[in-house]
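# Tertiary structure, described
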Amino acid sequence: MKARKILRNLILLLLLVATAAGLSYRYLLYRKNLQAAKTPLSHNLKLTSGDRVLVVAPHCDDESLGCGGVLARASDMHLPVKVIIVTNGDGFRYAAVLDVRKLKVKPADYIRFAAKRQEESLEALAGLGVPPDRVTFLGYPDRGTDEMWLSNWSTHGKPYFSPFTRSDHSPYANSLTPGVAYCGENELKDLERIAREFHPTVLFAPHPNDAHPDHWATHAFVTAALERIRAEWSDRHDPDSPSFRRASAPRMLTYLVHRGVYPAPKGLRELYPMAPPYDLLDCDTLWLKFELTEGEIKRKERAVLQYKSQLPLLRKYMLSFVRKNELFGIYPARTPEIARRNLRIDGDFEDWAGIPVTLPDPKADTVSLKALGAADITDITLARNKRFLFLRMQVRDPVAYSVDYRIHLHTFTREDEDYIPFKLDIGFRRPQRIKLVVHSPTDTTFSTRVLRARCKSQSIELSIPFYLLGNADGFMISGMTKLEGINVDKTAFLIVPPS
Ligand SMILES: [Zn+2]
């Protein structure tokens, strides 16, 4: 009996120590963000009279938090504006519990709650000068669009099933495509359709390092949609002509909403600058500030306060976005280039020396990543020769058996009639057990024997024969780590152009 009591107290003590260590690490990250905010940003974003502004928001509220000031300015300048809201925020359980005032929230409650969130967006946007007919709801599932991007891709396969609305298609009559099945392919088509019809010159979307799955997934979908439009245009037009650049390649600016202790400090501080979090200062984003006038700041604050369903839980956090400037990142800051090398996949990494990193990722950027160095991705480097794409992923501590390492590749090929991306997911655990999952329009299967992988210390190297990528014209790549099925770290999805 006594031994059990001692054990219980010991566990309690350990839990307390772990919580205290976690909290103090979060506080340290918070201090680092405050420190980073002292360095002024030298680049400014300006809207011009010829601009057409498209804002893509994962949930009802992101458009106001990330781009409320831009939208107010654009409407004052009488610029054509369009706002796309990808999900109706129908998976925010705690807010729904408060809204319906019962602990067991039913699917129909989530759907009613979503309608309320849509109303909040329309009111917030009206105050920013964007009328309802400029707002499009796509109706995709809250907390499900990352799975649509990674797994539930094809319309011929199984759609994503929302555990909240208990539906695998949009139950909302006002979605762009009513009844649309929850498949990645459909979201891509919807985004493409709007981008083709609206012809934005400047497009605002979430930053690829945003920690919320719907946010980074929205970035990936928007990037893919633009790449498909660009590829189609470059087949038909002279890519050096100004009209090509205008019509095919809007400037894409990214905004950040969820990233650990960002923004610091919290609360309404209209005179305080909005600055990038310290861990994204050296990760290939060019940060720009968009200075707001006093009137724009006030309008943004009023827009944020329209979100009455969110304020009881998130008031202080949401008001942290009302600052003297808004913040946007160009990602990647430079076009990635793949070095040409003949490399051997042999666990000896000397032949990688001198090859520049393609995809840097923040280190120890969360409490769990501080504790799990074997799952903390630090960078990915790419190289190629005629036949193979070579990839090296590095983690902070030596590679561990318990961690699942994954590489996601989405390719773009012109040979495909519909330009449907071809997805290749490579997952492997330490003893060279490679699992290859391919999603392609033809559902081609491949043997994992065509892939070679080795790991040693903090590095994993891998070669992928190009024929597996279906003569890709370009691809998007991301690294991810999982522990017991739970995502631990994920790099941005980077688009790599053809070379
Ligand atoms: Zn969001």
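Computed from a predicted structure; not experimentally measured. (Residues numbered from 1 in each chain as written. Predicted model: local features only at pLDDT ≥ 70, side-chain atom pairs only at ≥ 80, totals over all residues.)

### Observations concerning the overall build of the protein
Within the protein, the secondary structure is distributed over eleven helices and 19 strands. Here the protein has a C-alpha radius of gyration of 23 Å; the compact-globule value for 499 residues is 23 Å, and the two agree. Projected onto its principal axes, the C-alpha positions of the protein cover 80 × 60 × 45 Å. Counting across all 499 residues of the protein, residues that qualify as buried make up 47%. Pairs at least 24 apart in sequence give 72% of the contacts found in the protein among residues at least 6 apart. (Helix = DSSP H or I, 4+ residues; strand = E, 2+ residues; numbered from the N terminus. Rg over C-alpha atoms; globule rule 2.2 N^0.38 Å. Buried ≥ 20, exposed ≤ 12 C-beta atoms within 10 Å, placed from the backbone. Contact = placed C-beta atoms within 7 Å.)

### Topic: the pairing of strand S3 (residues 135-140)
Of all six residues in S3, five are buried, a share of seventy percent or more. In this sheet, S3 lies alongside strand S2 (residues 81-87) in parallel orientation, the contact comprising four bridges. Note that in S3 the partner of Thr87 across the bridge is Tyr140. (Pairing = 2+ DSSP bridges.)

### Remarks on helix H1 (residues 2-36)
Helix length check: H1 (35 residues) gives 51 Å between terminal C-alpha atoms against 51 Å at 1.5 Å per residue, within 8%. With respect to burial, H1 is a largely exposed element, only two of its 35 residues being buried. (Expected span 1.5 Å × (residues − 1).)

### Re unusual backbone geometry
The linkage connecting Tyr262 with the following residue, Pro263, adopts the cis geometry, with an omega of -10 degrees. Each neighbour pair has its own omega, and for Ala264 with Pro265 the value is -5 degrees, a cis peptide bond. Secondary-structure assignment places Pro265 in the loop between strand S5 (251-255) and strand S6 (286-291). Even without a glycine there, the phi angle at Glu484 is positive, about 50 degrees. Residue placement: Glu484 occurs in the loop between strand S17 (474-483) and strand S18 (486-490). Judged by the 8 C-beta atoms lying within 10 Å of it, Glu484 is exposed.

### Some thoughts on the packing of helix H2 (residues 62-76) against helix H9 (residues 294-305)
At a minimum axis separation of 9 Å, H2 and H9 run at an interaxial angle of 135 degrees. When the axis of H2 is compared with that of H9, the two are oblique. Our pair here, H2 against H9, has a crossing hand that is right-handed. Within the contact between the two elements, H2 uses Ser64, Leu65, Gly68, Gly69, Ala72 and Arg73 and H9 uses Glu296, Arg299, Lys300, Ala303 and Val304. (Axes fitted to C-alpha atoms, helices over the stretch in contact; angles between N-to-C directions. Parallel < 35°, antiparallel > 145°, perpendicular 65-115°, else oblique. Left-handed = near helix turned anticlockwise from the far one by under 90°.)

### Side note on the environment of Val56
Turning to its location among the elements, Val56 is positioned in strand S1 (residues 53-57). Accessibility expressed as a C-beta count within 10 Å gives 30 for Val56, which makes it buried. Remark: the alpha-carbon pair of Val56 and Arg302, spanning 246 residues in sequence, is separated by 20 Å. Dropping the residues within four chain positions of it, Val56 is found in contact with Ile84, Val86, Leu203, Phe204, Ala205, Thr218 and Val222.

### Description of the domain arrangement of the protein
Annotation of the protein at the domain level lists domain 1 (53-330) and domain 2 (339-496). Listed by partner, the interface residues are 21 residues for domain 1 and 20 residues for domain 2. Looking at which element gives the most residues to the side of domain 1 that touches domain 2, the answer is helix H7 (residues 213-236), with nine residues. Residue classes in the side of domain 1 that touches domain 2 are distributed as nine nonpolar, five polar and seven charged. (Domains from an automatic or database assignment. Nonpolar A, V, L, I, M, F, W, Y, C, P; charged D, E, K, R; others polar.)

### Side note on H2
When the terminal C-alpha atoms of H2 are compared, their 20 Å separation across 15 residues agrees well with the 21 Å that a helix rising 1.5 Å per residue should span. Remark: the principal bend of H2, roughly 75 degrees, maps to Gly68. For H2, a buried count of 13 out of 15 residues is recorded, marking the element as mostly surrounded by other parts of the structure. Looking one or two residues past H2, His78 carries a phi angle of roughly 55 degrees, positive in sign. (Bend = angle between axes of the 7 residues up to and from the residue.)

### Quick word on the packing of helix H3 (residues 93-100) against helix H4 (residues 107-127)
Interhelical geometry of H3 versus H4 gives an angle of 90 degrees and a closest axis separation of 10 Å. In this view, H3 runs roughly perpendicular relative to H4, as classed from their interaxial angle. Along the contact surface, H3 presents Ala96, Asp99 and Val100, while H4 presents Asp109, Tyr110, Phe113 and Lys116.

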